[in-house]
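This is what each chain is made of:
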Amino acid sequence: MTTLALIRHGPTAWNTEGRLQGRADIPLSPDGEAALAGRRLPPPFSGMAAYSSPLVRARRTAALLGIRAVTIEPRLTELDWGEFEGRTVDDLRARYGAGMAANEARGLDFRPPGGESPRDMQKRIRPFLNDLAESRRSAIAVTHKGMIRAILALATGWDMMGRQPVKLDWRCLHAFTLDGDGTPSVARLNIALEGP
């Protein structure tokens, strides 16, 4: 059985401000660094192969968690928010009104102008999941909220309409098992990190 454990990067200033943060290479905030200080992976996950999104917030999170020999994996990068990058959802709803509501109602096919949809993310990550399944090597990956939600949607059949089928604690690990072709299923969610 192949396990893929996912963890979201620590908080950034844009997270605190509620700004959409996709490909912008925003570092962890001082509070984000402090939140990860002294934290470690739980023992079942500490010896796994390790991957990270290339963005600095994910790479720094891996370093602070003591994850060594990390392979940078571009397919783990956050959603491309296009023209919505750096904006808040409230601002976008006020500016675009019914058009924004209609776009949000598309679920997996929501697409910001000049960006990508969650379904595009799923297509991007599927070859990575398949590679892991074929190698039969369990792994941990430091990635982003959008990517974790896209994989959760693959695992549960959620179409991203309405609320997530389960509430995720973004300070925790989320473990999935991969079948022979890399299709994920939920193993265990909201696994607390070790430490203070």
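Here the structure is shown first, and the text comes after it.
First, a word on what this report is: a plain description of the structure on this page. Every chain is numbered independently, its residues counted from 1 as its sequence is written. Local features in this predicted model are restricted to residues whose pLDDT is 70 or higher, and side-chain atom pairs enter the listing and the counts only when it is 80 or higher, whereas totals over whole chains, interfaces and linings include all residues. Side-chain metrics in this entry use all non-hydrogen atoms of the structure; hydrogen atoms and water are not considered.

**Some points on the sheet that holds strand β3 (residues 70-72)**
Piece 1. A pair of strands is labelled paired if DSSP reports no fewer than 2 bridges between them. Helix numbering and strand numbering both begin at the N terminus, where a helix is a DSSP run of H or I of at least 4 residues and a strand a DSSP run of E of at least 2. If you walk across this open sheet you meet the six strands as β3-β2-β4-β1-β5-β6, and the pairing is mixed. In this open sheet, the two edge strands, each paired with only one partner strand, are β3 and β6 (184-191). This sheet shows a mean twist of 25 degrees between the axes of neighbouring strands, independent of strand direction.
Piece 2. Pairing of strand β1 (residues 2-8) with strand β5 (residues 173-178) involves six bridges; the strand directions are antiparallel. If you follow I7 over to β5, its bridge partner there is L173.
Piece 3. The strands touched by helix α7 (residues 118-135) within the sheet are β1, β2 (49-52), β4 (139-143), β5 and β6, with β1 carrying the most contacts at an inclination of about 140 degrees.
Piece 4. By the convention used here, residues are in contact when the closest approach between their heavy atoms is within 4.5 Å. For every element, the axis is a line fit to its C-alpha atoms; helices are fit only across the contacting stretch, and the angle between N-to-C directions ranges from 0 to 180 degrees. Across the face of the sheet, helix α8 (residues 145-156) comes into contact with β1, β4, β5 and β6 while running at roughly 130 degrees to β6.

**Quick notes on the packing of aromatic side chains**
Piece 1. The criterion for an aromatic pair is that two Phe, Tyr or Trp rings (for Trp, the six-membered ring) have centres within 6.5 Å, with stacked assigned to planes under 30 degrees apart, edge-to-face to planes over 60 apart and tilted to the rest. Taken as a whole and judged by the stated rule, the model has four aromatic pairs.
Piece 2. With centroids separated by 5.7 Å and ring planes inclined at 40 degrees, the aromatic side chains of F84 and Y96 adopt a geometry described as tilted. Of the two residues, F84 sits in the loop between β3 and α5 (89-96) while Y96 sits in helix α5, which places them twelve residues apart along the sequence.
Piece 3. Residue F84 is classed as buried on the basis of its relative accessible area, which comes to 3%.
Piece 4. Residue class for Y96 comes out partly exposed when judged on its relative accessible area of 32%.
Piece 5. Each member of the aromatic cluster is reached from another via a ring pair, and the members are W81, F84, Y96 and F110.
Piece 6. Only Lys NZ and Arg CZ are tested; either one counts as a charge over a ring when it is within 6 Å of the ring centre and within 35 degrees of the ring normal. Lying across the ring of W170, R8 places its NZ or CZ 5.7 Å from the centre. Note on exposure labels: buried denotes an accessible area under 20% of the residue type's maximum, exposed denotes more than 50%, and partly exposed covers the range between, all computed with a 1.4 Å probe on protein chains only.

**Considerations on the nonpolar core**
Piece 1. Here, the term nonpolar core denotes a set of buried Ala, Val, Leu, Ile, Met, Phe, Trp, Tyr and Cys residues that are joined through side-chain atoms within 4.5 Å. Among the nonpolar cores identified, the biggest contains 34 residues, and L4, Y51 and I151 are the most heavily contacted of them.
Piece 2. At the level of secondary structure, the elements contributing two or more residues to this core comprise β1, β2, α7, β4, α8 and β5.
Piece 3. When neighbours within four sequence positions are excluded, L4 is seen to be in contact with L129, L132, A139, A141, I151, H174, A175, F176 and L178.
Piece 4. Counting residues in hydrophobic clusters, the runner-up holds 19 residues, among them I7, L36, L65 and I140.

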